[in-house]
Amino acid sequence: MRKRFVVWAAAFTLLLAGCAAGSDGAPQDTGTVTADPVVVRYGISNAWDALMPYNSVSGSNYARIIYDKIYDRLAYVHADGTLSPRAARSWKSVDDGYGIEFALDERFSFHDGTPVTAQNWVETFRLMTDPDCPMLGRDNFSVLAGTDENGYALSEHSVAAEAVDAYTLKLTFKNPTSPEDFLLDKNREFYVLPTHLLEGVASADLMDLDLWKAPVGSGPCKFVSELAGNQLILEANKAYPLGTPGFDRLVITVMDKSNLLTALISGDLDYYAFGGSVSADDAQVAEQNGLTVLRGTVPNTFFELMLNGASLPDARIRRAVELALDKELLCQHSTNGLGTVTDSSIPPTSPYAGEGSAAGRDVEAAKALLEEAGYDGRTYRLACTSNRAGLAALMQQNLADAGISISIETVDSATMFAGMSDGTYDMGIASHTPGPLPLWFVGTRLTENNNIFHVSDLSEYDVYIQRIQMETDPDAKQDLVQDILLEVNIGGEASKSGISPEELSALAAQAVGSPHVRLRGLMAIPPVAAGPDGNRPFFA
C-alpha cells in the first residue's frame, strides 16, 4: 500500500561551537553583548513549502524547522523523548484522563506586542477544524472531542478547546489521553496563530492572506524577508521569554548536501540544519579543518520509498518492487554503513519495535510476480530531491534487473510530496525524523485527508489506528502489533481452512504492507497419504 523499503540511520555529525541553539532547537541566552551584529548562516537541504504552519503539503521537517522559529508550540520534545515547557509552563491531566489543562506562560507575546492568551489557542483550534478552512493535516485534530474522524468540527465551535481563564487552556479528548502521550504524538502539529489579526476573515480565505507572506508569530525569531525556495532571513526576538537567541540575524539558505563540507570549511556556512552529516571518508578532512566529528549512536533518520497505490494497484507488483530492491546495498549507499534495513516505521530502539526484517532481494521471485500480475512494461515516474539522486539511480538499476522500468525526476521536497498527493508521481524517495510513538508515521499518512499512498480502502487501517490510539496501557498497545502465519490449504481439502496456493502471493503482499501485523511464515498440513511418497509433492 505504501513504502516497500525503509532504512534507519545514524550518521557522522558535525558539531559547531558557534551555534547558539540547543540540541532541541530551544534558544539559549548567551548573555554576550557585542558591538557588531551577530549573523548566523544556516543551511538546509530542502526548501520549506509554506510559511503558514497549517498549509504545508509535505509536513516535512524542513518546514517545521522554520515554523519552530517563527511560531510557538506548547512544549519542547527532546531527542530522548523528554519534555520541557515552551508556551505552556506546566500541564496536568483532568477529568479522569479525558482532559489536559495547560498553564500558559504569561510572558509570551506575538511579534507585534499582543499577548498570547488561551483564547488565541482556542481560536486557532476552532479555525483549523472549521470545515470551510482549506487547511492541511486536519486529521491531527481528530483526537479532540467535538470533531469527526477527519478532524472536522461537528458543529460551530464544537471542538473541545476551552479557555478556562486568560492563561489556562483545556483540551478534552475522545479517549483517555495522558499529557505525555499527547505532547509526544501531536505537539509538533500545533502552533498558536495570531488570531487577533484574523478577525473578520472568512475561513475559506484564510490560507490566501498576505499575512503568511510576512508572518507574525510568537516564536524566538521574527520574519524579515524571503526569497521563495532559496533563502529566508529572520531576526532575533529580543523579547522572547525563554531567552534571547544568541544572534541578531539568522540567514537560512537552501543548499545541496553535497556542498555542506566545503561551505563549512570555507566559512560560508555556520550550521547545517538537517542531514548535517559527513561520510566516513570525509570525517578526517573535516577534523583537519577544525570541525568536531562525532559518530551517531541513535537512529535519527527514516528513509522510505513511497508507492502510489492508485498507479500500482496490484499488490503483486508492489511486492515485486520490494523483492527487486537490494536493500542492503541501498542502505550502505544512503548511510555509509551506519543504517539498518527494517520493515517498519517504528524506530528499532523503540519498545514498540518488533523483531522483523525486510524481505531479502529475490529478482526471480519479483519477475514471477510481475508475470502473474500481467505487468505491461509501463514506465513509472519516481520523484526525489537532488541529494537522493544517487539512491534513485541505484533503485532504477535494481528494478530494471527485474524488468520494471522507471524514470527519475529530480525536484524539490515540496514538489515531490505535492506530486505524490495529486497522483503525478508513482514513486517517491523521502526521509523523516522519527517520533517515539508507534503511530508517529502511520497515523498521519493513512488518513482521508492525507492519503499520500492512495490506498483504495482505508477502513482496515482506520480500525487498527483507532485501537492503538485508544489503548492507554503500554503493554497492551505493544500487543496490538501481532506476528502472524498465513494458513494455506495446500491439498485443496474441504475439511481444512486456509487460502489456496494461488491466492498466497497477493495475500502475503497485503500482509507485508500492513503496518500492524508481521508476517512470520506459513502454516500448512498436507492431505493424509498412505506413505511418504504421497505427501512428497506438497513439500516440493
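Look up a bit, the structure's there.
Now for a quick tour of the structure. The structure presented is a predicted model; accordingly, all values stated were derived computationally and were not measured.

Let's talk about the overall build of the protein
Working step 1: From N to C terminus, the protein includes 15 helices and 22 strands.
Working step 2: Split into buried and exposed, the 540 residues of the protein put 50% on the buried side.
Working step 3: Counting contacts in the protein only where the partners sit at least 6 residues apart, residues at least 24 apart contribute 70% of the total.

With respect to the sheet that holds strand E11 (residues 231–236)
Working step 1: An order of E10-E11-E12-E3-E13 is seen for the 5 strands of this open sheet, with the pairing classed as mixed. For this open sheet the edge positions go to strand E10 (221–227) and strand E13 (271–272), each flanked by a neighbour on one side alone.
Working step 2: Here E10 pairs with E11 via 6 bridges, running antiparallel. Bridge assignment links Glu-226 to a residue of E11, and that residue is Leu-232.
Working step 3: Relative to the sheet, helix H1 (residues 61–70) contacts strand E3 (39–44), E10, E11 and strand E12 (249–254), its axis offset from that of E3 by approximately 155°.

A closer look at the pattern of salt bridges
Working step 1: Scanning the model with the defined rule gives 17 salt bridges in all.
Working step 2: For the salt bridge of Asp-72 with Arg-86, the shortest nitrogen-to-oxygen distance reads 2.6 Å. A residue pair is termed long-range when its members are at least 10 positions apart, and Asp-72 in the loop between H1 and strand E4 (75–77) and Arg-86 in the loop between strand E5 (83–85) and strand E6 (88–94) qualify at 14 residues. Taken individually, Asp-72 and Arg-86 each receive the classification buried, so the pair is uniform in this respect.
Working step 3: Note that Arg-107 and Asp-105 form a salt bridge whose closest N and O atoms lie 2.8 Å from each other.
Working step 4: By relative accessible area, Arg-107 is classed as exposed at 51%.
Working step 5: With relative accessibility at 8%, the residue Asp-105 sits in the buried group.
Working step 6: What emerges from the salt-bridge pattern is a single network uniting Asp-68, Asp-72, Arg-73 and Arg-86.

What about the pairing of strand E20 (residues 427–432)?
Put simply, side chains in a regular strand alternate between the two faces of the sheet.
Working step 1: Across the 6 residues of E20, 5 count as buried, placing the element largely inside the fold.
Working step 2: With 6 bridges connecting them, strand E16 (residues 301–307) and E20 associate as antiparallel partners. Bridging from a neighbouring strand, Phe-303 pairs with Ser-431 of E20.
Working step 3: Bridge count for strand E18 (residues 379–384) against E20 is 2 bridges, and the pairing is parallel. Paired with Ala-383 across the two strands is Gly-428, which belongs to E20.

A short note on unusual backbone geometry
Working step 1: The phi angle at His-157 is positive, at roughly 60°, despite the residue not being glycine.
Working step 2: Position of His-157 among the secondary structure elements: in the loop between helix H2 (118–129) and strand E8 (161–165).
Working step 3: Judged by its relative accessible area of 48%, His-157 falls in the partly exposed class.
Working step 4: Within the chain, His-454 stands out as a residue other than glycine whose phi angle is a positive 55°.

Brief notes about the nonpolar core
Working step 1: Tyr-54, Phe-102 and Met-128 are the most contacted members of the largest nonpolar core, which has 63 residues in total.
Working step 2: Ignoring anything within four residues of it in the chain, the contact list for Met-128 reads Met-52, Tyr-54, Cys-133, Met-135, Arg-138, Phe-141, Leu-193, Leu-206 and Met-207.
Working step 3: Membership of the second largest hydrophobic core comes to 28 residues, among which are Leu-307, Leu-325, Val-363 and Ala-402.

Some remarks on the sheet that holds strand E9 (residues 168–172)
Working step 1: With antiparallel pairing, the 4 strands of this open sheet are ordered in space as E6-E7-E9-E8. Each of the sheet's edge strands pairs with one partner strand only, and the pair in question is E6 and E8. Between one strand axis and the next, the sheet turns through 25° on average, direction left out of account.
Working step 2: Sheet topology note: the E6/strand E7 (residues 99–104) ladder contains 6 bridges and is antiparallel. Along E7, the bridge assignment pairs Trp-91 with Phe-102.

Some words on the packing of helix H7 (residues 327–335) against helix H9 (residues 389–401)
Working step 1: Put simply, H7 and H9 touch, their axes get as near as 10 Å, and they point 170° apart. The orientation of H7 relative to H9 falls into the category roughly antiparallel. The two elements H7 and H9 cross, and the hand of that crossing is right-handed. The residues of H9 that touch H7, namely those facing Leu-329, Leu-330, His-333 and Ser-334, are Gly-390, Leu-391, Leu-394, Met-395 and Asn-398.

Section: the packing of aromatic side chains
Working step 1: Scanning all chains against the criterion turns up 13 aromatic pairs.
Working step 2: Between Tyr-67 and Tyr-191, the ring centres sit 5.9 Å apart and the planes meet at 75°, which makes this aromatic pair edge-to-face. Pair noted here: Tyr-67 is in helix H1 and Tyr-191 is in the loop between helix H3 (179–186) and E10, with a separation of 124 residues, a long-range link. As far as burial versus exposure is concerned, Tyr-67 and Tyr-191 are alike and both buried.
Working step 3: On the numbers, 5.9 Å between centres and 25° between planes, the contact of Phe-182 with Phe-190 is stacked.

Conventions adopted
- Residues numbered from 1 in each chain as written.
- Predicted model: local features only at pLDDT ≥ 70, side-chain atom pairs only at ≥ 80, totals over all residues.
- Heavy atoms only, no water.
- Helix = DSSP H or I, 4+ residues; strand = E, 2+ residues; numbered from the N terminus.
- Buried < 20%, exposed > 50% of the residue type's maximum accessible area, 1.4 Å probe, protein only.
- Contact = heavy atoms within 4.5 Å.
- Pairing = 2+ DSSP bridges.
- Axes fitted to C-alpha atoms, helices over the stretch in contact; angles between N-to-C directions.
- Salt bridge = Lys/Arg side-chain N within 4 Å of Asp/Glu carboxyl O.
- Core = buried A, V, L, I, M, F, W, Y, C linked by side-chain atoms within 4.5 Å.
- Parallel < 35°, antiparallel > 145°, perpendicular 65-115°, else oblique.
- Left-handed = near helix turned anticlockwise from the far one by under 90°.
- Phe/Tyr/Trp six-rings, centres within 6.5 Å; stacked < 30°, edge-to-face > 60°.

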